[in-house]
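# Analysis of the macromolecular model
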Amino acid sequence: MVKGKRIGLGITGGIAAYKAATVASQLTQRGADVRVIMTGSATKFITPLTLQVLSRNHVTVDMFDEHRPEVVNHIDLADHADLFVIAPATANIIAKLAHGLADDMLSTTLLATRAPVVLAPAMNVNMYENQAVQENIAILRKRGFSFIEPGEGQLACGYVGKGRMAEPEQIVEWVEHFFSNRRLLAGKKVLITAGPTLEPIDPVRYISNHSSGKMGFALAEAAREAGAEVILVTGPVSLKTPPGVQRVDVRRTSEMKEAVRKHLPEVDVIFKAAAVSDYRPKEFMEQKMKKTKDEMTLNLVKTEDIAKWVGAHKKPHQLFVGFAAETENLEAYASDKLKRKGMDYIVANNVTMPGAGFGSDTNIVTVYDRHGKVFSLPRMSKLEVARKLMTLVGDWFANDC
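Residues numbered from 1 in each chain as written. Predicted model: local features only at pLDDT ≥ 70, side-chain atom pairs only at ≥ 80, totals over all residues. Heavy atoms only, no water.

The protein chain is annotated in an unreviewed UniProt entry as Coenzyme A biosynthesis bifunctional protein CoaBC from Thermoactinomyces intermedius.

Okay, structure coming up:
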């Protein structure tokens, strides 16, 4: 999966730097073009010559070592990479990335790249659990950076706990999985609904919900990463459209249904992640209602059930993945919704849990099919959740449904 891929390997100053030699060796043996950037501190633990021999490429340390006069070295390295792997990732480099600092070759190159970045943290357990470090990690997760979680056990400093860098084999496996995922949905077309819908009461008021659209937009980004053509139908949200995604803006539930109806025949996968308004006012007041009474009765009627309509009209070759935001009885309510609305999978979360509610940058989900639970995911960024779901979708097609 990594043959011919261009991988930037960043090595920072921690005792786990010696493990990076194995990462460089294994990726190179698999056919990857590995370009190593070391910090000055990293060279205290392992020599650039070692990494040069293993990667078969020049190793960059000095910001001002412009060994190729025809290019600006840090920009060339930034543009060259399909992926950057930072292993080990110390608290220092995590902080630099979180706050946009660029004071050495590695941090400057990472600030200039548009390639995905994955970090393998390695540090003392107390450092890893420090609030500042965790906040910096949260900032990077929000921006779409990936992390290969450190292991627990005996640390070089003598402490026992979480902070040991993932083993080289785990890192290489992650990289292979990453590039495998980028071809998972090649040739497929994906339709995603996201965000809330608004149902007007009068010219200044409406009924809606707290959906931010973040999960749907993460799905769009992950589907595009996986090689799919993506149509994103979204309610009113203040989020940037992921690169390469076709965006369709709507406001009312009826408008969202019409957009779904229009595009359904041409797609292979439907992610119904929008939190549509279940009810709308029976009558729309042409003028602003005045506050003249202590109480007011608002008559509501059901809106169009988009999920149920999709379940009834999708073809056997189309995969339908729904979402369920619940506050109790997660499995029972989610499973019932899946069956009633003709879904193939449903992604359920309890929005009362910290890190899983509307507007959060993270999510905690369980996926069900008609036979029961498929898998559960711990708290992770919504983009990471979306990537896991693309793997599920890819497996569905690979197994001929």
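Turning our eyes to something else, we now look at the UniProt feature "binding site: CTP" (unreviewed entry) in the protein chain. Mapped onto this structure's residue numbering, the UniProt feature "binding site: CTP" (unreviewed entry) falls at Asp278, Lys288, Phe323, Lys337 and Lys341. The named residues occupy 64 residues along the chain; their greatest pairwise C-alpha distance, 36.9 Å, places them well apart from one another. Residue classification places Lys337 among the buried residues on the basis of a relative accessible area of 18%. The contacts of Lys337, once residues within four sequence positions are left out, are Phe323, Ala324, Met343 and Ile346. Classification of Lys341 as buried rests on a relative accessible area of 13%. Setting aside anything within four residues of it in sequence, one finds Lys341 in contact with Asp305, Ala307, Lys308, Gly311 and Phe320. (UniProt positions renumbered as here; feature names shortened; annotations may be inferred. Buried < 20%, exposed > 50% of the residue type's maximum accessible area, 1.4 Å probe, protein only. Contact = heavy atoms within 4.5 Å.)

What follows deals with the sheet that holds strand β5 (residues 146-147). With parallel pairing, five strands are arranged side by side in an open sheet as β2-β1-β3-β4-β5. With partners counted over all chains shown, the strands left at the sheet margins are β2 (33-38) and β5, one partner each. Strand direction decides the pairing type here: strand β1 (residues 6-11) and strand β3 (residues 83-89), joined by four bridges, are parallel. Bridge pairing in β3 links Gly10 to Ile86. Along the sheet, helix α3 (residues 73-80) makes contact with β1, β2 and β3, crossing β2 at roughly 135°. Helix α5 (residues 105-112) contacts β1, β2, β3 and β4 (117-121) of the sheet and is inclined by roughly 145° relative to β3. (Pairing = 2+ DSSP bridges. Helix = DSSP H or I, 4+ residues; strand = E, 2+ residues; numbered from the N terminus. Axes fitted to C-alpha atoms, helices over the stretch in contact; angles between N-to-C directions.)

For the rest of this paragraph, the subject is the nonpolar core. Ranked by internal contacts, the top residues of the largest apolar core, which has 38 residues, are Leu219 and Phe271. It is helix α13 (residues 382-398) that contributes the most residues to this core, nine residues altogether. Each residue touching Phe271, except ones within four places of it in the same chain, is listed here: Val190, Leu191, Ile192, Thr193, Leu219, Val321, Phe323, Leu389, Met390 and Val393. Residues Ile11, Met38, Ala42 and Ile46 belong to the second largest nonpolar core, which totals 33 residues. (Core = buried A, V, L, I, M, F, W, Y, C linked by side-chain atoms within 4.5 Å.)

Before going further, it helps to spend a moment on the environment of Leu300. For Leu300, the location among the structural elements is in strand β15 (residues 300-302). Residue Leu300 is classed as partly exposed on the basis of its relative accessible area, which comes to 40%. Residues Leu300 and Ser277, spaced 23 residues apart in sequence, show a C-alpha to C-alpha distance of 11 Å. Those residues in contact with Leu300 that sit more than four places away from it in its chain are Ile207, Tyr279, Arg280, Pro281 and Lys282.

Bringing the sheet that holds strand β11 (residues 229-234) into the picture now. Reading across from one edge, β12-β11-β8-β13-β16-β17-β18-β19 is the order of the eight strands in this open sheet, with mixed pairing throughout. Taken across any chain shown, the strands that pair with only one partner, and hence form the sheet edges, are β12 (246-249) and β19 (372-381). With direction set aside, neighbouring strand axes in the sheet form an average angle of 15°. Inspection of the sheet shows strand β13 (residues 269-272) paired to strand β16 (residues 319-326) by four bridges, in the parallel sense. Counterpart to Phe271 in the pairing with β16 is Val321.

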